[in-house]
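In case you want the letters, here they are:
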Amino acid sequence: LSPGDCLVLYTDALIEACNPSGQQLTEEGLVRFLSETSPSGPQDLGLALLRRVQEWRGDGAREDDETVIVIRHNGGGAPPMTARQALKSMAKMIGL
């Protein structure tokens, strides 16, 4: 991933959600929803996606659990390790 990229993980309930006509959303529909969304952050993206799926479904009931996990690469590297943390890490690696 490059800085700013998002990884979206979801359960099959989202792509299998049916509109009032019985048509499933599908992966293509989910990708379309994602491309039409311009959130300010990962949490907003997940909430917007769930909202769009609910709009697609209309008054129909959820038939399965819906889960969305959004991970965004923030571009920052790992914080520098202190000498104490490095020694502790090495001790764990050699079984001390």
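A quick note: this is a predicted structure, and the numbers were derived from the prediction, not measured. (Residues numbered from 1 in each chain as written. Predicted model: local features only at pLDDT ≥ 70, side-chain atom pairs only at ≥ 80, totals over all residues. Heavy atoms only, no water.)

Draft legend 1. Summary view of the environment of Pro 20. Following the sequence through the fold, Pro 20 ends up in the loop between α1 (12–15) and α2 (26–35). Residue Pro 20 is classed as exposed on the basis of its relative accessible area of 73%. Distance from Pro 20 to His 73, taken between C-alpha atoms, is 37 Å for residues 53 residues apart in sequence. Dropping the residues within four chain positions of it, Pro 20 is found in contact with Trp 56 and Arg 57. (Helix = DSSP H or I, 4+ residues; strand = E, 2+ residues; numbered from the N terminus. Buried < 20%, exposed > 50% of the residue type's maximum accessible area, 1.4 Å probe, protein only. Contact = heavy atoms within 4.5 Å.)

Draft legend 2. How the structure looks around a negative patch on the surface. Judged by side-chain charge, Asp 12, Glu 16, Glu 63, Asp 64 and Asp 65 come together as a negatively charged surface patch. Tracing the backbone through its elements, the reader meets Asp 65 in the loop between α3 (42–57) and β2 (68–72). (Patch = residues over 30% accessible without salt bridge, like charges linked within 9 Å, V, L, I, M, F, W, Y side chains within 5 Å. Areas by Shrake-Rupley, 256 points an atom, 1.4 Å probe, with all protein chains shown as cover. Salt bridge = Lys/Arg side-chain N within 4 Å of Asp/Glu carboxyl O. Lys, Arg positive; Asp, Glu negative; His and termini not counted. Charge placed at Lys NZ, Arg CZ, Asp CG, Glu CD.)

Draft legend 3. Region of interest: the packing of aromatic side chains. Applying the stated criterion across every chain yields a total of 1 aromatic pair. Aromatic side chains Phe 33 and Trp 56 sit 6.4 Å apart centroid to centroid with 70° between the ring planes, which places their arrangement in the edge-to-face category. Of this pair, Phe 33 sits in helix α2 while Trp 56 sits in helix α3, and the two are 23 residues apart along the sequence. Accessibility assignment for this pair places Phe 33 and Trp 56 in one class, buried. For the cation-ring pair, Arg 52 lies above Phe 33, with the distance from its terminal atom to the ring centre recorded as 4.2 Å. (Phe/Tyr/Trp six-rings, centres within 6.5 Å; stacked < 30°, edge-to-face > 60°. Lys NZ or Arg CZ within 6 Å of the ring centre and 35° of its normal.)

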